Amino acid sequence: MFESTPMILSHRLMPEGYRTVLGYPGFRRLSTAALISFLGDGLAVVALAWVALTLSPPGREGLVIGAAVAAYTLPAAAGAVLLAPWLSRVDARRLVSLNATLRAVALGAVTALHLAGKLDVAGYVTLLAISSVLAAWGNAGIYTLVSRMFTVERRLPANSLLSTAQQVSVIIGPALAGILVANVHAAVVLGVDALTFAFLGFQVLRVRTPPAEAAPRRPQLSAGFRLLARRPHLAGLLGVTAAFFFLYGPVEVALPIYITGELRGSAGLLGTFWTVFGVGAVLGGLLGGALRVTRQWPFVVAVVAGWGAVLVPFGFLDAAAPALLLFAFGGFVYGPFVAFSLALFQNATDPDDLPAVLAARGAITTGVAPIGAAVGGPLVEMVGAGGALLASGAATVALAGITALVLLAVRRARHRPLLRPQPGEADSRRIRDSAHPAMNTGGGIAAADQAPRLASRPKSPGKGLCSRQHHRTAELRHNENRIS
């Protein structure tokens, strides 16, 4: 009896949404494999930049790190567009497996070249670029599987658990990477990351999904862009997200140099920074997944402004303790952002269109972050690592302010009172309606006269289909309107 008490307490303490999604066997398998792969990514957070530091010529560290970070993510945008005619029709499980396999092979080649003594900057950047070609499609495949497994109200908890698992990996992975780099070369740590991708590629093929997954209809990627263009709220959210990720790009370049420069630290301290960021992100992600937010835009603006405000003081700090505290708070602010953003896309998109829509989203959001990292290299060379962090934070705060002003303008325009008719117009309208009863739609004699005719008119064969389509359109519009 007493032995079961902790289990009962943990069951009651866990929110109902999390209990439901974890009760689905396919999601448990997917989330476990993703967690291990995310752990490998946590190792790569430190190892990727440290390999670039060891390979770069003196005085060019920022440029080499920027090129490595960009190569690890930027080709995903090109792959999302150029490979769409083929990959848009591929089963979601195979999309995840193909991406994981390519990552494993390319990152394993980095380790092999290092052990052979033939790894240089050009080869390193090239292999990182190859490894990222299918990243947008692999990510779209994971969240498409989630969309297939759960209904609208269960997708946010599932997304939150996946994003939280990703942030847990940022707690454990960088700290472990700091220890490993002190004993083995950082290129060997990337080999461990390759093994975690191999495990994900194998496990995801064993995930069972509902029967609808057997023969999905896959639209072209261009259809995803057209759908985004027809939904102003999603297009606006995508624009803010893209700008947010672009301004984040310089952080990944500047932080390693800031630690080795202003803080005079090592790979272990870099791992600690990402670890405390992950702790904050896990807490923020779990809190965000348990919230019921009916108006998402204010939440998005608050996250953007909060993250920017965290970065500004780095331009003046040269002590590790306050910098670590700030970075931990930054993770807490950022944690819920990805889950909320993805849930909005899932809820406003038909599941059959979701792979192309998320791939289109990934083509933009995945592409802008490495572009920001590439810009971060020269920026660090010009103003230093601390100055680059300050500039990124100030621009991010400005982005939040501009977004808030636009939202206020849109809301005022939407609630602007209509022009009232002139006094004579109302009287003339009543006279006109009484003179022409057939034009009266207010429910008078003409409406009563036509009611029997409408009732006796045979129903159209396609009326049921139109009704279902109308219901689905109304549901999508309702979910879309929740953004504002």
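Computed from a prediction, not measured in an experiment: that's the story for all the values here. (Residues numbered from 1 in each chain as written. Predicted model: local features only at pLDDT ≥ 70, side-chain atom pairs only at ≥ 80, totals over all residues. Heavy atoms only, no water.)

A. Just the overall build of the protein chain, in detail. A tally of helices and strands in the protein chain yields 21 helices and zero strands. Burial status across the protein chain gives 48% buried among its 484 residues. Nonlocal contacts in the protein chain, meaning residues at least 24 apart in sequence, comprise 88% of its contacts between residues at least 6 apart. Accessible area of the protein chain: about 23100 Å², with a carbon and sulfur share of 67%. (Helix = DSSP H or I, 4+ residues; strand = E, 2+ residues; numbered from the N terminus. Buried < 20%, exposed > 50% of the residue type's maximum accessible area, 1.4 Å probe, protein only. Contact = heavy atoms within 4.5 Å. Areas by Shrake-Rupley, 256 points an atom, 1.4 Å probe, with all protein chains shown as cover.)

B. Region of interest: unusual backbone geometry. Although it is not a glycine, Arg264 sits at a positive phi angle of roughly 50 degrees. Along the chain, the position of Arg264 falls in the loop between helix H13 (232-260) and helix H14 (267-290).

C. Spotlight on the confidence of the model for the protein chain. Confidence along the protein chain averages 77 in pLDDT terms, with 74% of residues attaining 70 or more. Counted against residues more than four places away or in other chains, residues 212-218, with its pLDDT under 50, gives 18 contacts. Of the regions scoring below 50 in pLDDT, residues 428-465 engages in four contacts with residues more than four places distant in sequence or in other chains. (pLDDT = per-residue confidence, 0-100.)

D. Structural context of the nonpolar core. Ranked by size, the top nonpolar core spans 112 residues in total, and within it Phe27, Tyr124, Tyr258, Phe273 and Trp274 carry the most contacts. With 16 residues, the top contributor of residues to this core is H13. With near-sequence residues (within four places) excluded, Tyr124 lies in contact with Ala47, Leu48, Val51, Ala52, Leu55, Ala68, Val110, Leu119 and Leu190. Core analysis: the second largest hydrophobic core is formed by 11 residues, Ala76, Ala80, Leu87 and Ala135 among them. (Core = buried A, V, L, I, M, F, W, Y, C linked by side-chain atoms within 4.5 Å.)

E. Main features of helix H8 (residues 121-131). If you check which residues of H8 are buried, you get Tyr124, Leu127, Leu128 and Ser131. All buried residues of H8 project into a common sector of 100 degrees when viewed along the axis, lining one side. (Arc of directions from axis to C-beta.)

F. Structural view of the packing of aromatic side chains. Considering all chains together, one arrives at 17 aromatic pairs under this definition. Between Phe277 and Tyr334, the aromatic rings sit 6.3 Å apart at their centres with planes inclined by 35 degrees, giving tilted as the arrangement. Placement of Phe277 in helix H14 and of Tyr334 in helix H16 (residues 320-334) is noted, with a sequence separation of 57 residues between them. Summarising the burial analysis for this pair, Phe277 and Tyr334 share the class buried. Ring plane angle 50 degrees and centroid distance 6.1 Å describe the contact between Trp307 and Phe327, whose orientation is recorded as tilted. Here Trp307 is found in helix H15 (residues 296-311), whereas its partner Phe327 is found in helix H16, with 20 residues between them in sequence. Here Trp307 falls in the buried class, since its relative accessible area comes to 1%. The exposure class assigned to Phe327 is buried, which follows from its relative accessible area of 1%. One aromatic cluster is present, built from ring pairs that chain together Phe244, Phe245, Tyr248, Tyr258, Phe273, Trp274, Phe277, Trp307, Phe314, Phe327, Tyr334 and Phe337. Across from the ring centre of Tyr72, 4.5 Å away, lies the NZ or CZ of Arg103, which sits over that ring. (Phe/Tyr/Trp six-rings, centres within 6.5 Å; stacked < 30°, edge-to-face > 60°. Lys NZ or Arg CZ within 6 Å of the ring centre and 35° of its normal.)

G. Up close: empty space enclosed by the protein. Inspection of every chain in the model, using the stated rule, returns one cavity of 30 Å³ or more. Its boundaries defined by the atoms lining it, the largest cavity holds a volume of some 1600 Å³. Lining the largest cavity are 50 residues, with Asp41, Thr73, Gln166, Glu252 and Tyr334 positioned closest to its centre. The greatest single-element share of the lining of the largest cavity, amounting to nine residues, is contributed by helix H3 (residues 25-55). (1 Å grid on protein atoms, 1.4 Å probe; cavity = no way out; pocket = protein on both sides within 12 Å on 5 of 7 lines; lining within 4 Å. Points joined across faces, edges and corners; volume = space filled by probe spheres on them.)

H. The packing of helix H5 (residues 75-82) against helix H9 (residues 135-149), seen in detail. The geometry of H5 relative to H9 is characterised by a closest axis approach of 7 Å and an angle of 75 degrees between their N-to-C directions. Comparing the axis directions of H5 and H9 gives the class roughly perpendicular. Contact with H5, carried on its side by Ala76, Gly79 and Ala80, involves Ala135, Ala136 and Trp137 of H9 and no other residues of that element. Here the contact of H5 with H9 is built from residues that sort into five nonpolar, one polar and no charged. (Axes fitted to C-alpha atoms, helices over the stretch in contact; angles between N-to-C directions. Parallel < 35°, antiparallel > 145°, perpendicular 65-115°, else oblique. Nonpolar A, V, L, I, M, F, W, Y, C, P; charged D, E, K, R; others polar.)

I. Region of interest: the packing of helix H7 (residues 92-115) against H9. Between H7 and H9, the least distance of the axes is 8 Å, while the angle of their chain directions is 140 degrees. Judged by the inter-axis angle, H7 sits oblique to H9. Both H7 and H9 take part in a crossing whose hand is left-handed. Where H7 approaches H9, its residues Ala92, Arg93, Leu95, Val96, Asn99 and Arg103 are matched on the opposing element by Ala135, Trp137, Gly138, Gly141, Ile142, Thr144 and Leu145. Of the residues contributing to the contact of H7 with H9, the split by class is seven nonpolar, four polar and two charged. (Left-handed = near helix turned anticlockwise from the far one by under 90°.)

J. Seen up close, the pattern of salt bridges. Scanning the model with the defined rule gives one salt bridge in all. Its salt-bridge partner being Asp91, residue Arg93 comes within 3.2 Å of it at the nearest N-O pair. Its relative accessible area of 16% is what places Asp91 among the buried residues. (Salt bridge = Lys/Arg side-chain N within 4 Å of Asp/Glu carboxyl O.)

K. Spatial organisation of a nonpolar patch on the surface. A grouping of Val279, Leu283, Leu287, Phe329 and Phe332 is seen on the molecular surface, where their side chains present a nonpolar patch of about 440 Å² in accessible area. Among the elements that take part in the nonpolar patch, H14 stands out by supplying three residues, more than any other. By the element assignment, Leu283 lies in helix H14. (Patch = residues over 30% accessible without salt bridge, like charges linked within 9 Å, V, L, I, M, F, W, Y side chains within 5 Å.)

L. Region of interest: the environment of Ala243. Along the polypeptide, Ala243 turns up in helix H13. Residues Ala243 and Val304, spaced 61 residues apart in sequence, show a C-alpha to C-alpha distance of 10.0 Å.

M. Representation of the side chain of Arg103 within the structure. With respect to the helices, strands and loops of the structure, Arg103 is situated in helix H7. No salt bridge is formed by the buried Arg103. Its closest oppositely charged neighbour is Asp41, at 6.1 Å. Ignoring anything within four residues of it in the chain, the contact list for Arg103 reads Tyr72, Ser131, Ser132, Ala135 and Phe197. (Lys, Arg positive; Asp, Glu negative; His and termini not counted.)

N. Structural context of the side chain of Thr111. Positionally, Thr111 belongs in helix H7. Thr111 sits in the buried class, given a relative accessible area of 10%. Discounting chain neighbours no more than four positions away, the residues touching Thr111 are Ala187, Val188, Leu190 and Gly191.

O. Broad picture of the environment of Arg89. Mapping Arg89 onto the fold places it in the loop between helix H6 (84-87) and H7. Here the alpha-carbon distance between Arg89 and Ala356, two residues 267 residues apart in the chain, equals 9.4 Å.

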